[in-house]
Amino acid sequence: GAVVSQHPSWVICKSGTSVKIECRSLDFQATTMFWYRQFPKQSLMLMATSNEGSKATYEQGVEKDKFLINHASLTLSTLTVTSAHPEDSSFYICSARDVRASSEQYFGPGTRLTVT
Amino acid sequence: GENVEQHPSTLSVQEGDSAVIKCTYSDSASNYFPWYKQELGKGPQLIIDIRSNVGEKKDQRIAVTLNKTAKHFSLHITETQPEDSAVYFCAASIQGGSEKLVFGKGTKLTVNP
């Protein structure tokens, strides 16, 4: 149980294009999903909190117009990196919180984004 | 805001030995403390967690202890195996509805056969 998937697992795109990453909770419903960014050999940095049916809440310093988040259903959240640049290259990881559990977050396998 | 310190940053042990990783947190309102294991190129995997109303929790070779007064919690792995080699992250919850997590900087554990 508590499986979270991400798609794609890796993507290469050209500078200036947009990329969409999907995060799905496969066997549970998640009213809240979180998007993290992780640079090599570093910890996870929370980018935004995604709430089903409402606007995402972004952490300080994260551009909401650049990282568009949509939480369309209880099992799906998407992150779109708009007008990507090489500095956006990173490992993006989502997590989902089970509506039945108060605090546990389950992570997806991550998406490696490389912008050329 | 909440701040989580994690030590050591790297830890090397011989197979069969125990490994201990320690974390401290700053916000006394935090009440949930998970530990995650992350293998190279993969997402973090929840391995054990503890809530503030409990002092210790054990799951086979893994245990977590919590000292609320001192605001620190520790991960204990006994009888380590090479497959325990990974990066381990501690985290503490931020209160306020969404229950965001603040992560430590991670500990790279290497278990030598």
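Structure first, text after, so check above.
Quick summary incoming for the structure in this document. Model, not experiment: these values are computed from the prediction. (Residues numbered from 1 in each chain as written. Chains lettered and ligands numbered in written order. Predicted model: local features only at pLDDT ≥ 70, side-chain atom pairs only at ≥ 80, totals over all residues. Heavy atoms only, no water.)

**So, the sheet that holds strand β8 (residues 76–81) of chain A**
Residues and elements named next belong to chain A.
Link 1 in the chain: Spatial strand order, β1-β3-β8-β7: 4 strands in an open sheet with antiparallel pairing. Taken across any chain shown, the strands that pair with only one partner, and hence form the sheet edges, are β1 (4–7) and β7 (67–73). When strand polarity is set aside, the average angle formed by the axes of neighbouring strands in this sheet is 15°.
Link 2 in the chain: Judged from the 4 bridges that link them, β1 and strand β3 (residues 19–25) form a sheet pairing that is antiparallel. Across the sheet, residue H7 finds its bridge partner in β3, namely E22. (Pairing = 2+ DSSP bridges. Helix = DSSP H or I, 4+ residues; strand = E, 2+ residues; numbered from the N terminus. Axes fitted to C-alpha atoms, helices over the stretch in contact; angles between N-to-C directions.)

**Some remarks on the interface of chain B and chain A**
Link 1 in the chain: With 19 residues of chain B in contact, the opposing surface of chain A contributes 20 residues.
Link 2 in the chain: Of the roughly 1,500 Å² buried between chain B and chain A on both sides combined, carbon and sulfur atoms contribute 52%.
Link 3 in the chain: Three residues, P44, K100 and F103 of chain B, lead the burial of chain B against chain A; their summed loss comes to 29% of the area buried on that side.
Link 4 in the chain: Connecting chain B to chain A are 2 salt bridges. (Contact = heavy atoms within 4.5 Å. Buried area = accessible area lost by both parts, 1.4 Å probe. Salt bridge = Lys/Arg side-chain N within 4 Å of Asp/Glu carboxyl O.)

**Let's talk about the nonpolar core**
Nonpolar side chains in soluble globular proteins generally cluster together in the buried interior.
Link 1 in the chain: By size, the foremost hydrophobic cluster in this structure holds 25 residues, and its most contacted members are W35, F73, L75, Y88 and L109 of chain B.
Link 2 in the chain: Those elements that place two or more of their residues in this core are β2 (10–14), β3 (19–25), β4 (32–38), β5 (45–51), β7 (62–67), β8 (72–77), β9 (86–93) and β11 (107–112) of chain B.
Link 3 in the chain: Non-local contacts of F73 of chain B, meaning those with residues more than four positions away in its chain, are made with I21, K22, C23, Y25, F33, W35, T65, L66, C90 and A91 of chain B.
Link 4 in the chain: Of all hydrophobic cores here, the second largest spans 23 residues; its members include C13, L79, A96 and L113 of chain A. (Core = buried A, V, L, I, M, F, W, Y, C linked by side-chain atoms within 4.5 Å. Buried < 20%, exposed > 50% of the residue type's maximum accessible area, 1.4 Å probe, protein only.)

**Quick word on the pattern of salt bridges**
All names here are of chain B.
Link 1 in the chain: Across all of its chains, the model carries 8 salt bridges over all chains by this definition.
Link 2 in the chain: The closest approach of N and O atoms between K37 and E39, which form a salt bridge, is 3.8 Å.
Link 3 in the chain: A salt bridge links E39 to K42; the shortest N-O distance between them is 3.4 Å.

**Here we look at the packing of aromatic side chains**
Link 1 in the chain: One pass over the structure, following the stated rule, counts 12 aromatic pairs over all chains.
Link 2 in the chain: Ring geometry for Y36 of chain A against F107 of chain A: centres 5.3 Å apart, planes inclined by 45°, an arrangement best described as tilted. Placement of Y36 of chain A in strand β4 (residues 30–38) and of F107 of chain A in strand β10 (residues 105–107) is noted, with a sequence separation of 71 residues between them.
Link 3 in the chain: Residue class for F107 of chain A comes out buried when judged on its relative accessible area of 9%.
Link 4 in the chain: Summarising the aromatic geometry, the rings of F107 of chain A and Y36 of chain B are spaced 5.0 Å apart at their centres and angled 85° between planes, so their arrangement reads as edge-to-face. Residue F107 of chain A is located in strand β10, and its partner Y36 of chain B is located in strand β4; the two belong to separate chains. (Phe/Tyr/Trp six-rings, centres within 6.5 Å; stacked < 30°, edge-to-face > 60°.)

**Examining the state of the cysteines**
Link 1 in the chain: For the structure on display, the rule yields 2 disulfides over all chains.
Link 2 in the chain: Between the sulfur of C23 of chain A and that of C94 of chain A lies a disulfide, 2.0 Å long from S to S. Classification of the bridge connecting C23 of chain A and C94 of chain A rests on its S-S torsion, roughly 80°, and on that basis the disulfide is right-handed. Of the two residues, C23 of chain A sits in strand β3 while C94 of chain A sits in strand β9 (residues 90–98), which places them 71 residues apart along the sequence. Here the two residues C23 of chain A and C94 of chain A agree in accessibility, since each one is buried.
Link 3 in the chain: Each disulfide pairs two cysteine sulfurs, and for C23 of chain B the partner residue is C90 of chain B, the sulfurs being separated by 1.9 Å. Taking the sign of the S-S torsion, -100° for the link of C23 of chain B and C90 of chain B, the bridge is left-handed. Pair noted here: C23 of chain B is in strand β3 and C90 of chain B is in strand β9, with a separation of 67 residues, a long-range link. Neither residue differs from the other here; C23 of chain B and C90 of chain B are each classed as buried. (Disulfide = S-S within 2.5 Å.)

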